[in-house]
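Architecture at a glance
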Amino acid sequence: MLDIKLLRKDPESVRAALDKRKEDFDLDDFLKLDHQRREWLYEVEQLKNKQNEASKQIPVMKKEGKDASGLLEEMKHLSGQIKALDLKVREVDQEIEKIMLTIPNIPDESVPVGDTDDDNVEIRRWGERRVFDFEPKAHWDIGENLGVLDFAAAAKVTGARFTFYKGSGARLERALINFFLDTHTEKNGYTEVFPPFMVHRNSMVGTGQLPKFEEDAFKVHDTDYFLIPTAEVPVTNMYRDQILDGSQLPIKHVAYSACFRAEAGSAGRDTRGLIRQHQFNKVELVKFVAPENSYDELETLTGDAEEVLKLLGIPYRVVKICTGDLGFTAAMKYDLEVWMPSYNRYVEISSCSNFEDFQARRAGIKYRKNPKDKAQFVHTLNGSGVAVGRTVACILENYQNEDGSVVIPEVLRGYMGNKEIIKKGS
RNA sequence: GGAGAGGUGUCCGAGCGGUUUAAGGAGCUGGUCUUGAAAACCAGUGACUCGAAAGAGCCGUGAGUUCGAAUCUCACCCUCUCCGCCA
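Criteria and cut-off values
- Residues numbered from 1 in each chain as written.
- Chains lettered and ligands numbered in written order.
- Predicted model: local features only at pLDDT ≥ 70, side-chain atom pairs only at ≥ 80, totals over all residues.
- Heavy atoms only, no water.
- Pairing = 2+ DSSP bridges.
- Helix = DSSP H or I, 4+ residues; strand = E, 2+ residues; numbered from the N terminus.
- Near = heavy atom within 4 Å.
- Polar contact = N/O pair within 3.5 Å; in protein donor to acceptor, adjacent residues only side chain to side chain.
- Axes fitted to C-alpha atoms, helices over the stretch in contact; angles between N-to-C directions.
- Buried < 20%, exposed > 50% of the residue type's maximum accessible area, 1.4 Å probe, protein only.
- Arc of directions from axis to C-beta.
- Contact = heavy atoms within 4.5 Å.
- Disulfide = S-S within 2.5 Å.
- Parallel < 35°, antiparallel > 145°, perpendicular 65-115°, else oblique.
- Left-handed = near helix turned anticlockwise from the far one by under 90°.
- Nonpolar A, V, L, I, M, F, W, Y, C, P; charged D, E, K, R; others polar.
- Core = buried A, V, L, I, M, F, W, Y, C linked by side-chain atoms within 4.5 Å.

A few words on the sheet that holds strand E7 (residues 242–245). Overall, mixed pairing links the three strands, which are arranged E7-E13-E14 in an open sheet. Each end of this open sheet is capped by a strand with a single partner; those strands are E7 and strand E14 (376–377). The pairing of E7 with strand E13 (residues 365–368) spans four bridges and is parallel. By the bridge assignment for E13, Ile 243 is matched with Lys 366.

If you want it as structure tokens, here you go:
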């Protein structure tokens, strides 16, 4: 959520920012409503003041044995006026809230202006893309041939966009989760969290998935719960409505969770393999930081995510997302993209974002720099560290041999019973 | 799921329709005393939201009753105890 004061004071700058995002948004409605609200609010507060004064007088009069019935009658009338006005204020409040919740974040100055992902800017590359002396296969073929992935069984049991991992495939998934968690806790200083996989509506609003993107989420029938689309939601909301002590910052958490996405609007895209699933595993990094550090913290967070790719020996690139492709909540975002031979291009495996105070304002997360200072909003950041299923896909493709076997990256071998290679039936 | 108890300021805790602008502690800040510290004593300090201010709101959340609600009514949420069920 944006600062309502900014919208009042400088609507033009907000308009310009929305424009850069290619968002078509009518701020005039908001400004009109806000003006109306302030008028009514002033009016009702005046009346309430009168009421409060009378409420002090009435007991005094009664005590003194005076007749208060005239005043009471007057107050009865006033009370009705207050109720009517209060109702109007409440209604306009709700409308304003509704609008506020659907205005996206303002991109940072440094974000490249652009329309689509074609306008994203590559920042750096790491690793050598492997040159194959045979025709590399796609991970779904490799996985099925090895008997470690079973898409058909999942389709039978559940439906499209689900997968069974079997044998070494299941173990590889588990190994990666542990490897990511261990690296981020032991080397990068994050505190591990294991969150609930369902959250209520307010939490989804707090991190910005709702109210705008409800069709992307799975709702649990007959409850107010949603399956989490990312651990970002429970972990960020862990500190909802709290004032943190400045000395606690930065707070850094890493969390494994399953993630559930309805993938509305992506029908027909990436239908094969592990790239786009309704359920997938992810290890997520979440930070709560002081505003003045948040862009430095974004760099280190991105670096932390990159580190696990480096350790796995996977070639990747870092891309800075342009204004037109930037997520609703982000002020700035880097994507990490890994090389996928079957796609013959880089594929997203992590998004690292600085939300500035956009989520903090929605979720009410503040801090005091010094114990006596006024509380102010923290900046929140998060990034995948990294998506597990896509990493499996990437390893299968980049580490495949001509005979269909797959070499296990060295750093994972300790997590896989010192196995070095995945062969058929193993 | 059933029965009961409860949710008040940073913390403990009083309050059960009107001088509550939330008692009293603790804590915190300053001071007196002391070689220093502790203790004791004195004074100050009450979050947060909107507002330029005046002022308004805020006692789990939301509705309601009333001229007036922390206090009464209803619904919901959460915590604790016991019972039942269960990985």
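Another aspect to go through is the protein's contact with RNA strand B. In the neighbourhood of RNA strand B, 26 residues make up the surrounding shell, with Arg 8, Asn 49, Asn 52, Ser 79 and Lys 366 lying closest. The protein-proximal atoms of RNA strand B, defined as those within 4 Å of the protein, are 71% sugar or phosphate. In the environment of RNA strand B, a base oxygen lies 2.8 Å from a nitrogen or oxygen atom belonging to the side chain of Lys 62. Of all the secondary structure elements, the ones that give two or more residues to the surface near RNA strand B are helix H1 (4–9), helix H3 (27–63), helix H4 (69–102) and E13.

Strand order in the open sheet formed by eight strands is E1-E10-E11-E12-E15-E9-E8-E4, with mixed pairing between adjacent strands. Looking along the sheet, the strands with just one partner apiece sit at the ends: strand E1 (121–126) and strand E4 (191–193). The average undirected angle you get between the axes of adjacent strands in this sheet is 25°. Two strands pair when backbone bridges link them, and strand E8 (residues 251–260) and strand E9 (residues 279–289) are joined in this way by ten bridges, in the antiparallel orientation. Pairing of His 253 across the sheet is with Val 286, part of E9.

So, on to helix H2 (residues 11–20). Working note: α-helix, 3.6 residues per turn, so residues spaced by three or four point in the same direction. Along H2, the residues that are buried comprise Pro 11, Val 14, Ala 17 and Leu 18. In an axial view of H2, the angular spread of the buried residues amounts to 120°, which keeps them on one side of the axis. Buried residues belonging to H2 abut H1 and H3. Just downstream of H2 lies Lys 22, where phi reads positive at about 65°.

Attention now goes to the state of the cysteines. Defined simply, a disulfide is a covalent bond joining two cysteines at their sulfur atoms. Summed over the entire model, instances satisfying the criterion amount to zero disulfides. This cysteine, Cys 259, is not joined by any disulfide, and Cys 352 carries the nearest cysteine sulfur, 14 Å off. Classification of Cys 352 as buried rests on a relative accessible area of 0%.

Looking now at the side chain of Lys 287. Considering the arrangement of structural elements, one finds Lys 287 in strand E9. What makes Lys 287 buried here is its relative accessible area of 0%. Side chain to side chain, Lys 287 and Glu 297 meet in a polar contact 2.6 Å long. Apart from the residues lying within four places of it in its own chain, the contact partners of Lys 287 are Tyr 190, Ile 251, Lys 252, Glu 297, Thr 300, Leu 301, His 379, Thr 380 and Leu 381.

At a closest axis distance of 8 Å, the pairing of H3 and H4 adopts a crossing angle of 150°. Between H3 and H4, the crossing angle belongs to the class labelled roughly antiparallel. The two elements H3 and H4 cross, and the hand of that crossing is left-handed. Tallied by class, the residues present in the contact of H3 with H4 amount to 20 nonpolar, four polar and nine charged.

Take the packing of helix H7 (residues 168–187) against helix H12 (residues 388–398) next. Look at H7 against H12: their axes get within 10 Å of each other, and the N-to-C directions meet at 115°. Every pair of crossing elements has a handedness; the one defined by H7 and H12 is right-handed. Of the residues in H12, those in contact with Leu 172, Glu 173, Leu 176, Ile 177 and Phe 180 of H7 are Val 388, Gly 389, Thr 391, Val 392 and Ile 395. Looking at the contact of H7 with H12, its residues break down into seven nonpolar, two polar and one charged.

Another point: the nonpolar core. Counting residues in hydrophobic clusters, the biggest one holds 58 residues, and the most contacted among them are Leu 176 and Phe 180. At seven residues, the largest contribution of residues to this core is made by H7. Leave out the neighbours within four places in its chain, and Leu 176 touches Leu 312, Val 388, Thr 391, Val 392, Ile 395 and Leu 412. With 37 residues, the next largest nonpolar core counts Val 14, Val 44, Ala 54 and Phe 358 among its residues.

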